[in-house]
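# Coordinate analysis (summary)
Here is how the chains run, residue by residue.
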Amino acid sequence: MEIVEWKDRRKNRGITDSGLTHECGVFGAIGNKHWPCNSEIAQFICIGLEALQHRGQESTGIVVSEGTNDYHYHKGMGLVKHVFSNESISKLTGSLGIGHTRYSTSAKSEQVNCQPFVVHSMHGALAVAHNGELVNAAILRKQVLDRGVGLSTHSDSELITQALCLNPPDGEVNGPDWPARIRHLMQLAPLSYSLCLMLKDKIYAVRDPYGNRPLCLGVILPPNQELINGEIGNIQPEGWVVSSESCAFLSVTRYLREVLPGEIVEMTHAGLKTIDIVPPPLDKSLAFCIFEYVYFARPNSLFEGQEVYAVRVHCGMQLAIEHPVEADMVGSVPESGNAAAFGYAQQSGIPLGELLTKNSYVGRTFIQPNNRLRQMNVALKFSPILRNVKGKKIILIDDSIVRGNTVGPIIKLLRRAGAKEVHIRVASPPLKYPCFMGINIPTKDELIMNKLKNTKEFAKQVDADTIEYLSVDGLVKAVRKEIKPTTKSVGHCTACLTGEYPGGLPQELDW
Ligand SMILES: O=P(O)(O)OC[C@H]1O[C@H](OP(=O)(O)OP(=O)(O)O)[C@H](O)[C@@H]1O
Ligand SMILES: NC(=O)CC[C@H](N)C(=O)O
Ligand code: SF4
Ligand SMILES: [Mg+2]
């Protein structure tokens, strides 16, 4: 199989009209005692995946096991609610399982690349669910192919699956040594992944040594039981869960903690155990994706001991400090601009109000060939609230501007509704560089701030009175404001804003 260049890997992706797309959600669950428990493991995973639907909407899948190597699985293209039915879920009987929601980064959005991947190794069946993108996929692909392994897709997640089947360098003296295989993978490819790996009787939750993508652990509580100060204490849990985000821990599941950067956590019916913590390569810092805070994650998810919503409010407050302006009202481009608008209003003392209402039935809008149709797309999604806009000086907050396709048509709508002044404030810095770690950022030429000299030119182009962005330092400050000083080491990836890549650049750069 030929090596696929970056340009080709990205072909046909980023097909939406606005925003950043392309990450993934992973979720796993394992039942406690009385195996095979045939409890509601698949249902748990299905509900967890629906709660992670914002992370990936192209395809989804669940793999379960009853403690044997005969896995049951169901995968398909589309949303969780479309792919899974009562009938398909009822066939997924198991005591443990993992699931995935996908936005493609490394291979086409089609059935063959749906996750989880399942292979039968010399030590039994292995299933893999992956969020992230291997920066050195081309090199690793060659190494795996050189060892006589055949690959059936271009997916880097299949590559991870096959790399895990390679014998570890020191051999396996006392039978299969999966932690050694995982450590071997981490040496071969340190960036970027959060993984759920399932064997017949255990799940490994693994985060790459840079901690680039999120992953956290939770517990399934018996009825009428509650954690005390976040601790399990004497409770006999019904099981354990792992998820990309804590927003997927609903009702009977409770958040316990994050998987640490480089940590390998073994989940068995007996509980959770840290097997190892692999540090990032020498001289490299931790690099948690700062855009999880800005845009990707649900506002109620927890990262680094803080709620995403709180960070977004701090971003809005910092933005008001950096770029104040007089106005009658502050509002957001719903939804992900909401918290920052709240912060901006709080800091500036300007009243907060709804300037736009969003049609919640409109999903992703696909790329339209001309401005007229793009304008229609935006008008379908947003409508101005006349009472708050007419005759007013307004500040409109958005979390990010990517291609700039949303902001221009929105300003047109607001002007038509009678806005006197429109000041755009963006709660993150301008996006200028590609991401090679699981987010499909449009090409350099498509990013609006690469096409323009400065924000003045941008404002003129879209008929705004002013446009200003949060600074990189301001964003980092807002993100770190509430991280406890006891948190051992903190580091964030800002590569798409600064061009400083945590693990270096891939060899072939044709972005
Ligand atoms: O500059 P552009 O390329 O037009 O994209 C920027 C917009 O895309 C995102 O919103 P999106 O509509 O994806 O979702 P949201 O409802 O979560 O804000 C982002 O929040 C901006 O509003
Ligand atoms: N966005 C992601 O995390 C995608 C995972 C993997 N690279 C894929 O394309 O399936
Ligand atoms: S480059 Fe940007 S989107 Fe990609 S991991 Fe870094 S911060 Fe996140
Ligand atoms: Mg938005």
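Residues numbered from 1 in each chain as written. Chains lettered and ligands numbered in written order. Predicted model: local features only at pLDDT ≥ 70, side-chain atom pairs only at ≥ 80, totals over all residues. Heavy atoms only, no water.

## Thoughts on the UniProt feature "binding site: [4Fe-4S] cluster" (unreviewed entry) in the protein chain
Using the following cut-off: UniProt positions are given in the numbering used here, feature names are shortened, and annotations may be inferred rather than shown by experiment. Put plainly, a pocket is an open set of points on a 1 Å grid over the protein atoms alone with protein on both sides within 12 Å along at least five of seven lines, a cavity is a set where a 1.4 Å probe fits but cannot get out, and a lining residue has an atom within 4 Å of a point. Numbering of helices and strands runs from the N terminus, with a helix taken as a DSSP run of H or I at least four residues long and a strand as a DSSP run of E at least two residues long. Only protein chains enter the accessibility calculation, which uses a 1.4 Å probe; a residue whose area is less than 20% of its type maximum is buried, one above 50% is exposed, and one in between is partly exposed. Throughout, a residue-residue contact means that at least one pair of heavy atoms, one from each residue, lies within 4.5 Å.
Per the UniProt record, "binding site: [4Fe-4S] cluster" (unreviewed entry) is found at C289, C435, C493 and C496. In terms of the greatest pairwise C-alpha distance, the residues named above, spread along 208 residues, form a tight cluster of at most 10.1 Å across. Residues from the annotated list that form part of the lining of the largest cavity: C289, C435, C493 and C496. Inspection of the secondary structure puts C289 in strand 14 (residues 288–289). In this structure C289 comes out as buried when scored by relative accessible area, which is 9%. With residues near it in sequence (within four places) discarded, C289 still touches N212, R213, F296 and C493. By secondary structure assignment, the location of C435 is in the loop between strand 21 (421–426) and helix 14 (448–451).

## Considerations on the site of ligand 1
Filter applied, for reference: Nearness is judged by heavy atoms alone; a residue qualifies as near a molecule or strand once a single heavy atom is within 4 Å of it. Under this definition, polar contacts are N or O atom pairs within 3.5 Å; protein pairs additionally need one hydrogen-donor-capable and one acceptor-capable atom, and for neighbouring residues in sequence, both atoms have to be side-chain atoms. Note that accessible areas follow from Shrake-Rupley with a 1.4 Å probe, and for residues the cover is restricted to the protein chains shown. Classification used: nonpolar for Ala, Val, Leu, Ile, Met, Phe, Trp, Tyr, Cys and Pro, charged for Asp, Glu, Lys and Arg, polar for all others including Gly.
Neighbouring ligand 1 are 17 residues, the closest being S336, K358, D398, D399 and T406. Measuring from an oxygen atom of ligand 1, one finds a backbone N or O atom of E335 at 3.3 Å. Contact with the protein chains removes 90% of the 500 Å² of surface that ligand 1 exposes when unbound. Here the shell around ligand 1 is built from residues that sort into four nonpolar, seven polar and six charged.

## A short note on the sheet that holds strand 11 (residues 253–258)
Two strands in a sheet stick together by hydrogen bonds in their backbones, pointing the same way (parallel) or opposite ways (antiparallel). Put simply, the rule reads: A strand pair is defined by DSSP finding two or more bridges across the two strands. Between the N-to-C directions of two axes lies an angle of 0 to 180 degrees, each axis being a line fitted to C-alpha atoms and, for a helix, fitted only over the stretch in contact.
Strands sit in the order 3-2-4-1-10-9-11 across an open sheet of seven strands; the sheet is antiparallel. Each edge of the open sheet carries a strand with a single partner, namely strand 3 (72–77) and strand 11. Neighbour to neighbour, the strand axes of the sheet diverge by 15° on average, direction disregarded. Bridge count between strand 9 (residues 216–220) and strand 11: five bridges; the pairing is antiparallel. Bridge pairing in strand 11 links V219 to R254. Against the sheet, helix 2 (residues 41–51) makes contact with strand 1 (24–31), strand 2 (59–65), strand 4 (96–102), strand 9 and strand 11, and its axis sits at roughly 155° relative to strand 2, the strand it touches most.

## Quick notes on the site of ligand 3
Formally: Put plainly, a molecule is in a cavity or pocket when over half of its atoms are within 2 Å of the grid points there.
What surrounds ligand 3 is the set N212, R213, C289, I290, C435, M437, I439, C493, A495 and C496. Given that more than half its atoms are within 2 Å of the pocket grid, ligand 3 belongs to the largest cavity. Counted by class, the shell around ligand 3 contains eight nonpolar, one polar and one charged residues.

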